[in-house]
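# Structural overview
Read off the chains here:
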Amino acid sequence: MAVDILLGLQWGDEGKGKIVDFIAPKYDVVARFQGGPNAGHTLEFDGIKHVLHQIPSGIFHDNISNIIGNGVVLDPLIFKKEIEGLSKFNINFSKNLFISKKAQIIIPTHRLLDVAMEKAKGDSKIGSTLKGIGPTYQDKVARQGLRVGDILNPNFKERYNQLVANHKSILSFLNFSFDSDLEAIKDFGKYNFDFLEVEKDFFKAVEFLKTFNLVDSEYMINDAINNKKSILAEGAQGSLLDIDFGSYPFVTSSNTMTAGACTGLGIAPKNIGKVFGIFKAYCTRVGSGPFPSELNDIDGETLRKKGNEFGSTTGRARRCGWIDLPALKYAIMLNGVSNLLMMKADVLNEFEEIKVCTHYKLSNGELTDKLPYDVVEEHIEPIFKTIKGWNCSLSGISDASNLPLALKDYITYLEQELRVPITLVSVGPDRVETILREELAIV
Ligand code: GDP
Ligand code: IMO
Ligand code: MG
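This section reports on the structure supplied with the text.

What counts as what
Residues numbered from 1 in each chain as written. Chains lettered and ligands numbered in written order. Predicted model: local features only at pLDDT ≥ 70, side-chain atom pairs only at ≥ 80, totals over all residues. Heavy atoms only, no water. Helix = DSSP H or I, 4+ residues; strand = E, 2+ residues; numbered from the N terminus. Rg over C-alpha atoms; globule rule 2.2 N^0.38 Å. Buried < 20%, exposed > 50% of the residue type's maximum accessible area, 1.4 Å probe, protein only. Contact = heavy atoms within 4.5 Å. Areas by Shrake-Rupley, 256 points an atom, 1.4 Å probe, with all protein chains shown as cover. Lys, Arg positive; Asp, Glu negative; His and termini not counted. Charge placed at Lys NZ, Arg CZ, Asp CG, Glu CD. Near = heavy atom within 4 Å. Polar contact = N/O pair within 3.5 Å; in protein donor to acceptor, adjacent residues only side chain to side chain. Nonpolar A, V, L, I, M, F, W, Y, C, P; charged D, E, K, R; others polar. Pairing = 2+ DSSP bridges. Axes fitted to C-alpha atoms, helices over the stretch in contact; angles between N-to-C directions. Expected span 1.5 Å × (residues − 1). Arc of directions from axis to C-beta. Donors = N, O, S within 2.8 Å, 3.2 Å for Na, K, Ca; no water. Left-handed = near helix turned anticlockwise from the far one by under 90°. Phe/Tyr/Trp six-rings, centres within 6.5 Å; stacked < 30°, edge-to-face > 60°. Parallel < 35°, antiparallel > 145°, perpendicular 65-115°, else oblique. Salt bridge = Lys/Arg side-chain N within 4 Å of Asp/Glu carboxyl O. Core = buried A, V, L, I, M, F, W, Y, C linked by side-chain atoms within 4.5 Å.

### Describing the overall build of the protein chain
Of regular secondary structure, the protein chain possesses 12 helices and 20 strands. For 443 residues, the compact-globule estimate of 2.2 N^0.38 gives 22 Å, and the protein chain sits close to it at 22 Å. In terms of overall dimensions, the protein chain has C-alpha extents of about 65 × 50 × 40 Å along its principal axes. Per-residue burial for the protein chain yields a buried fraction of 57% across its 443 residues. Long-range contacts, defined here as pairs at least 24 residues apart, represent 75% of the contacts in the protein chain between residues at least 6 apart. For the protein chain, the exposed area adds up to about 18,500 Å²; of that, 50% sits on carbon and sulfur atoms. Here the protein chain carries 50 positive and 56 negative side-chain charges, and the mean point of each set is 3 Å from the other.

Shown next as C-alpha cells:
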C-alpha cells in the first residue's frame, strides 16, 4: 500500500504527536523520517500525558511496528532515558520498535559543538534546542558521521575517538570552555562538568541501544509496502523549518517535508499516498527568525496562555501570532498536501474577533501572497483580514455538524483560500477531543 505522511506546515509543534497517536490504529507501521531529540511530540489519553522525542508516536498501540528511519539523528543517551520513561506502559519494544542501522548517532561532543556554534553567532543565534542536531547532520554530509550500525563494529570506540578528536579541535577553535559553557546544556549539568562521566554514560547507552532491533529499515518498509501493509510517516519540526525551503538560516538541519520521507525512509515517490498537513488555527514559533504574523501584544499573550505555548523539549515560551496564509499556501504547495488537519481551535474560544494574515506588504509597497526570498532581511508588513470569532466553549462537541457557525465559517474560508479540505478539527489536547468532519473521514 501507499505510504501516508503526516507533517507540520508551520514552525513545528502543530500537534503532530496527538494526531499520529489518534490515527495510528489505521496503520500497521509508523515511522519517523528526520530530526531527532529536537522534536517533542505530546500525546494525551486516559489522563496520561507523554512527550516523545525520538520514538515514533504509534508506540502506545500494540500491533504497530514503530520505525526510527535512516533520516533520523539518534542520541543514545536520550533514547535510553525515553525508553526508561516508558517502562510503566508495558510496551513490547522487541516486537514494536525498530531502528535503522543507517540512522546517524549524536555523540556528546555534537551537543557541545551546538552550544559553541550558537555562542559564536551571538545575537544572530538560531535558538537551537542544543541537542546536537546541526553538528550531527553536518558530520553526515561531511561523510564522517557514526551510524547506528557502527556500534556493532569492534572498531566503534576507535572511530568515536577519531570523531571526538576532530570535534575537540573545532571546539578549541571556537573557544569552548568545558567549565562554563557546558552549563548551557541543562541535562549535562548533573555531571558537574566532568566530561569523562558523560562519556561513560554514553557508552552505557550505546550498550543499551545494542539490545534493540537494529535493522535495514529500507528493506523493512519496502517489504511492508509490497505486503500491502499500511504505513504512516511521522514528520518532525515543520515545513517552515525545512533546511531548503524554510526561513534559512533560521531552520533545522533536515528536510522536514514530503520529499524528506522518501530519503529518510527509502520510499520511492510513486509510493507516497495521502499527505496530511497539520496546522494550528493560529501560529507559533520557538527560537529566532522571521515570523510575519507574530503578535507582541495582549492577544499574543492570550494565545500563549490559553494554548499553553511552552516548548515540549526545552520549556521555552513559544512566540505566538495569527494564522499566516501565504506561509501555509507555500507549505501546502511544497508538500502536495491532500488533507488539512486544524489543531487547537479551542485556544481561540475567547476571542470575539480573530485575524488571518492574507498577504504580505513588502518594503517596496508590493502586496504578495508569496514568501519573498529574503524573508529574513525583508521588512514584511502582514495584511490582516478580521473574522468573527465563535466566542464560546467547544468542549463536549464530537460531531462536526455541532460546531458553532462562526467556526464553520472560519473552516470554510480557510478551505477556499488553501484549496485543500480540512478533514479534522482538534479542540483539546486529549485523544478524544478530536472531531472528524464526516464527509471526509480518514479513520
Ligand atoms: P508536536 O511537536 O507537533 O507533536 O506538538 P507539541 O506536542 O510540541 O505541541 C502541541 C501542544 O498542544 C501539546 O501540548 C499538545 O498536548 C497540545 N494540543 C494538541 N492539540 C491540541 C488542541 O486541539 N487543543 C489544545 N488546547 N491543545 C492541543
Ligand atoms: P517538533 O517536532 C518547534 C527549532 C528550534 C530552532 C530551530 C533549530 O516538536 O515540532 P535545532 O535544534 O533543530 O537545530 O533548532 O528549530 N525547532 C523546533 N521548533 N518544534 C520542533 O520540533 C523543533 N525542532 C527544532 O527552536 O529555532
Ligand atoms: Mg513539539
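### Topic: the environment of Ile-67
By secondary structure assignment, the location of Ile-67 is in strand β5 (residues 65–68). Separated by 37 residues in sequence, Ile-67 and Val-30 have C-alpha atoms that sit 6.3 Å apart. Apart from the residues within four sequence positions on either side, Ile-67 is in contact with Val-29, Val-30, Ala-31, Arg-32, Pro-56, Phe-98, Ser-217, Met-220 and Ile-221.

### Section: the site of ligand 1
Neighbouring residues of ligand 1: 20 residues in total, closest Lys-16, Thr-42, Ser-312, Asp-346 and Ser-426. Note that an oxygen atom of ligand 1 is positioned 2.5 Å from one of the side-chain N or O atoms of Thr-42. Between Ser-312 and ligand 1, the recorded distance is 2.8 Å, taken from a side-chain N or O atom to an oxygen atom. Considering ligand 1 on its own, with 590 Å² of exposed area, one finds that the protein chains cover 94% of that surface. When residues of the shell around ligand 1 are traced back to their parent elements, those giving at least two are α1 (16–23) and β3 (41–45). Considered class by class, the residues forming the shell around ligand 1 number 4 nonpolar, 8 polar and 8 charged.

### Here's the deal with the side chain of His-110
Looking at where His-110 falls in the secondary structure, it is placed in helix α4 (residues 108–121). A polar contact of 3.3 Å, which involves the side chain of His-110, links it to the side chain of Thr-136. When residues no more than four places from it in sequence are discounted, the contact partners of His-110 are Ile-105, Gly-132, Pro-135, Thr-136, Asp-139, Leu-163 and His-167.

### Describing the site of ligand 2
Taken together, 21 residues lie near ligand 2, and Asp-13, Lys-16, His-41, Thr-129 and Thr-252 sit nearest. Note that an oxygen atom of ligand 2 is positioned 3.0 Å from one of the backbone N or O atoms of Val-286.

### As for the sheet that holds strand β2 (residues 29–32)
Across a sheet, strands are paired by hydrogen bonds formed along the backbone, either parallel or antiparallel in direction. The 10 strands are arranged β9-β7-β5-β2-β10-β1-β11-β15-β19-β20 in an open sheet whose pairing can be described as mixed. The sheet is open, and its two edges are formed by β9 (213–215) and β20 (434–436), each paired on a single side. On average, each strand axis in the sheet is tilted by 25° relative to the strand beside it, whichever way the strands run. Sheet analysis places strand β7 (residues 97–100) next to β9, joined by 3 bridges and oriented parallel. Among the inter-strand pairings, Phe-98 is bridged to a residue of β9, identified as Asn-213.

### Topic: helix α6 (residues 156–173)
For an α-helix, 3.6 residues make a turn, and residues three or four places apart therefore share a direction. The first and last C-alpha atoms of α6 sit 26 Å apart over 18 residues, in line with the 26 Å expected at 1.5 Å per residue. Burial in α6 covers these residues: Phe-156, Tyr-160, Leu-163, Val-164, His-167 and Leu-171. The buried side chains of α6 occupy one side of the element, clustering within an arc of 105° when seen end-on. Opposite the packed face of α6, turned more than 90 degrees from it, sit the exposed residues Glu-158, Gln-162, Ser-172 and Phe-173. The secondary structure elements touched by the buried residues of α6 are β8 (104–105), α4, α5 (133–141) and α7 (195–210). One or two residues past the end of α6 sits Asn-175, with phi positive at roughly 60°.

### As for the coordination of the magnesium ion (ligand 3)
Ligation of the magnesium ion (ligand 3) by protein atoms is provided by Asp-13 (OD) and Gly-40 (O), these donors lying 2.1 to 2.2 Å from the ion. Taken together, the residues Asp-13 in the loop between β1 (3–8) and α1 and Gly-40 in the loop between β2 and β3 connect sequence positions 27 residues apart. Its relative accessible area of 10% is what places Gly-40 among the buried residues.

### Some remarks on helix α9 (residues 258–265)
In terms of residue burial, α9 counts as a mostly covered element, since 6 of its 8 residues are buried. Taken residue by residue, α9 has Thr-258, Gly-260, Ala-261, Cys-262, Gly-264 and Leu-265 as its buried positions.

### Details of the packing of helix α2 (residues 76–85) against α7
Remark: α2 packs on α7, axes separated minimally by 8 Å, with the N-to-C direction vectors making an angle of 65°. Classified by chirality, the crossing of α7 by α2 is left-handed. Every residue of α7 that contacts α2 at Pro-76, Leu-77, Phe-79, Lys-80 and Ile-83 is listed here: Val-198, Asp-201, Phe-202, Ala-205, Val-206, Phe-208 and Leu-209.

### Things to note about the packing of aromatic side chains
A complete count under the given rule lists 13 aromatic pairs for this structure. Judged by centre distance (5.2 Å) and plane angle (55°), the rings of Trp-11 and Phe-291 are tilted. Here Trp-11, found in the loop between β1 and α1, pairs with Phe-291, found in the loop between β12 (283–285) and α10 (298–306); they are 280 residues apart in sequence, far enough to count as distant. Residues Trp-11 and Phe-291 agree in their burial class; the two are buried.

### Focus on the packing of α4 against α7
Their axes nearest at 10 Å, the elements α4 and α7 cross at an angle of 130°. With respect to α7, the axis of α4 lies oblique. Across the interface between the two elements, Pro-108, Thr-109 and Leu-112 of α4 pack against Phe-195, Val-198 and Phe-202 of α7.

### Side note on the pattern of salt bridges
Applying the stated criterion to the full structure yields 20 salt bridges. One network of salt bridges, in which partners are shared, links Asp-13, Lys-280, Glu-309, Arg-318 and Lys-344.

### What about the nonpolar core?
The tendency in soluble globular proteins is for nonpolar side chains to be buried side by side. Counting residues in hydrophobic clusters, the biggest one holds 60 residues, and the most contacted among them are Leu-340, Met-342, Leu-348, Trp-390, Leu-407, Tyr-410 and Leu-414. By residue number, the principal contributor to this core is helix α12 (residues 405–418), which donates 7 residues. Once residues within four sequence positions are removed from consideration, Tyr-410 is found in contact with Ala-281, Ile-323, Met-342, Leu-348, Ile-354, Val-356, Ile-387 and Trp-390.

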